[in-house]
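# Architecture and fold: a report
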2 protein chains.
Amino acid sequence: MSRVYNFSAGPAALPEPVLRKAAAEMLDWCGSGQSVMEMSHRGPDYMSIHAQAQQDLRDLLNIPDSYKILFLQGGGTTQFEMVPINLLRGKGKADYVITGEWSKRAAQEARAFCQVNVVADSANAKGQHTFVPKQSDWKLKKDAAYVHVCTNETLGGVEYHWTPDTGKVPLVADMSSHILSKQIDVSKYGLIYAGAQKNIGPAGLVLVIVREDLIGHAVPTPPPMFNYKVHADHDSMLNTPPTYSIYMAGLVFQWLKQQGGVAEMEKRNIQKANLLYDALDRLPFYSTKVNKGDRSRMNVPFTLPDARLDEAFLAGAKERGMVQLKGHRLIGGMRASIYNAMPLSGVETLVAYLNEFAQKNG
Amino acid sequence: MSRVYNFSAGPAALPEPVLRKAAAEMLDWCGSGQSVMEMSHRGPDYMSIHAQAQQDLRDLLNIPDSYKILFLQGGGTTQFEMVPINLLRGKGKADYVITGEWSKRAAQEARAFCQVNVVADSANAKGQHTFVPKQSDWKLKKDAAYVHVCTNETLGGVEYHWTPDTGKVPLVADMSSHILSKQIDVSKYGLIYAGAQKNIGPAGLVLVIVREDLIGHAVPTPPPMFNYKVHADHDSMLNTPPTYSIYMAGLVFQWLKQQGGVAEMEKRNIQKANLLYDALDRLPFYSTKVNKGDRSRMNVPFTLPDARLDEAFLAGAKERGMVQLKGHRLIGGMRASIYNAMPLSGVETLVAYLNEFAQKNG
């Protein structure tokens, strides 16, 4: 089969030029006679890849010098634990805003370490999340160690299009599914984390961007692998890092720069999302649940009028070269994930199919 | 540059046919129109890769059905912590045998969780490790929760060529740098772990092979990422696993099967190691420290008569297409790592160069 339009929520599509470069360099990276997979992580070749990936990410997001960039393992799920272990600083309580499954899980995990204050929860009677609660409705505690948000919920398709103001209390954000998709002001956050497998690179890598003054206050004797200070002191080389994943992430960062950086991505992502939501709004055949102002530009869930049509919809999509449109098992229906690597032509193909399928079955 | 002979201790050389296959499949795995990096870990394509890798590893090492195979993240270093967290089972003490830097670090990390009994330590007055203490000299405790060994020490080049008998106390082995290089009787072990970046695949993946009755006794409320039961219950899919690393490991497992399995690898590894050690023994120009009976077939450290010759030795090696021969900073001198993927021709090239260099400089 030729390349498909891959709407997977993660692991997700990567830019084709990046994959081509990785394939071309598989047996010989830059005349070294080795694959990046085969290099010692302490050697100059890999060290240059590691440093370049950090610098490119710093450039792309304008990360201030007072923030460390860590390349860690264990995914966002491990950050659910590392955040309280490292950021509680003896305070014993933290604020969590719940806007979907991922922020709910983050809060659940934190309960093993501290008192979790749910300062806002957008769940309706059915447990569905369709909006971001306004900050004026949040019940923030002044003595919380931090405020945790998930700024894009992959399952429900709810996204923050504004930045919370938590004053002196550090703001912690799980940005796994929309990092690098739009411009952000990193200085408004104490810590940002993101699993790589959506907008960055292969699964097995998680980015942490953390303000330096928040490092070094972990609970007594945490496992070293759970201590940001240990990782920061070792420049993410406490042990062998996931070198190939970092190399792939580095290729994605370079591709982003060539495309015009995050500002250009944001422009394209707005264009792609508008095209898709406009079609869903125009065709009464399809339903969406999320409030218009809180719609995710990355993950677009929608339903057909009858779930018995789902299989035919997916089969027709596959015939047209579109895969991974099935919704998450907790939500049902369809979901189109349209990260940075999804070209406009993929969304156009989907919109044409939405029209066609509605006409035939409407 | 054409492909080099890469003697890195890890991340280390991979079989060239595996790299060629991965490069060929980078944009389209088996007609799916996607790279393995881009596949949902819950989809049938990736699930088949995951299951096949497990089955192939089970076949290669004759792993009994009563053992679980886990594909985890965080490297061997995370296992230094997960082993005590999961295997102490309220016993409060564990036995550690120290034969080099890695077993020493494992014991150090365990001290945060329990009383560590060092039942044998081969360090000499200079802190060097050159042999495996005979089991008759070990001071094992009957009430220890487990006995931990590192069966191949990558830095010093010390390897167990026999299997300890610890009776009813589970034997735990860090086999990171020689797993799949020789036949083992898995049933003699309670738990085996191995970072992938030497004999298996890319860094960022660690294998755990654990007897089922040892699962499910973790300390109260460990972080879920540190709990073998949670990972076993989720078939290593508690969160997104390092899918591409597992795919690469799976390609290596299939290559091993095509070569004739672990028995054939063991034969070749003995041949390669004998060739190299014979040359080092024959040429008085070079010195080795490790007791002959405990020499590693994977990592061969040696020194020149004068460290001022080291740079010239490494430069000449590079000219001849051999890289990563510099010894570990803690040990100095040279080190040739000759894992499964190192062909006999690489060792022959090295031996020819050892002769040549000794003649010129001896």
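Structure report, in brief. Bear in mind the structure is a predicted one, so any value in this text is a computation, not a measurement.

Of the transformation placing chain B onto chain A, the axial shift is 0.0 Å and the rotation is 180°, giving an RMSD of 0.0 Å. Within this description, the copies of the chain are treated as partners about a two-fold rotation axis. When C-alpha distances to the rotation axis are compared across chain B, the minimum falls at B:A23, with a value of 2.2 Å. Here 100% of the contact residues of chain B are again contact residues in chain A; the copies associate through an equivalent surface.

Looking now at helix α2 (residues 44-61) of chain A. Residues and elements named next belong to chain A. Compared with the 26 Å implied by 1.5 Å per residue over 18 residues, the 26 Å span of α2 between its first and last C-alpha is a close match. Listing the buried residues of α2 in full gives Y46, I49, H50, A53, Q54, D56, L57, R58, L60 and L61. For α2, the elements touching its buried residues are β2 (67-72), β10 (206-211), α6 (243-259) and α7 (261-282). N62 lies just past α2 and shows a positive phi near 50°.

Residue and element names in this part refer to chain A. The strand order β2-β10-β9-β8-β5-β3-β4 describes an open sheet built from 7 strands, whose pairing is mixed. Taken across any chain shown, the strands that pair with only one partner, and hence form the sheet edges, are β2 and β4 (115-121). Taking each pair of neighbouring strands and ignoring which way they run, the sheet shows an average axis angle of 20°. Bridging between strand β5 (residues 147-150) and strand β8 (residues 171-174) involves 4 bridges; their strand directions are parallel.

Listed per partner, the contact involves 55 residues of chain B and 55 residues of chain A. Surface buried jointly by chain B and chain A totals about 4400 Å² across both partners, of which 58% is contributed by carbon and sulfur atoms. When residues of chain B are sorted by the area they lose upon contact with chain A, B:L27, B:M37 and B:E38 head the list and together hold 16% of the total. Close ionic contact of A:R3 with B:E38 constitutes a salt bridge, the shortest N to O distance being 2.7 Å. On inspection of chain B and its partner chain A, the count reaches 18 residue pairs in polar contact (both at pLDDT 80 or more). Taken together, the elements giving at least two residues each to the side of chain B that touches chain A come down to α1 (16-24), α3 (75-87) and α6 (243-259) of chain B. Element by element, the count of residues in the side of chain B that touches chain A is highest for α1(B), at 5 residues. Its residues assigned to classes, the side of chain B that touches chain A shows 24 nonpolar, 22 polar and 9 charged.

Reading the values: rules and limits
- Residues numbered from 1 in each chain as written.
- Chains lettered and ligands numbered in written order.
- Predicted model: local features only at pLDDT ≥ 70, side-chain atom pairs only at ≥ 80, totals over all residues.
- Heavy atoms only, no water.
- Least-squares fit on C-alpha atoms with pLDDT ≥ 70 in both.
- Contact = heavy atoms within 4.5 Å.
- Helix = DSSP H or I, 4+ residues; strand = E, 2+ residues; numbered from the N terminus.
- Expected span 1.5 Å × (residues − 1).
- Buried < 20%, exposed > 50% of the residue type's maximum accessible area, 1.4 Å probe, protein only.
- Pairing = 2+ DSSP bridges.
- Axes fitted to C-alpha atoms, helices over the stretch in contact; angles between N-to-C directions.
- Buried area = accessible area lost by both parts, 1.4 Å probe.
- Salt bridge = Lys/Arg side-chain N within 4 Å of Asp/Glu carboxyl O.
- Polar contact = N/O pair within 3.5 Å; in protein donor to acceptor, adjacent residues only side chain to side chain.
- Nonpolar A, V, L, I, M, F, W, Y, C, P; charged D, E, K, R; others polar.

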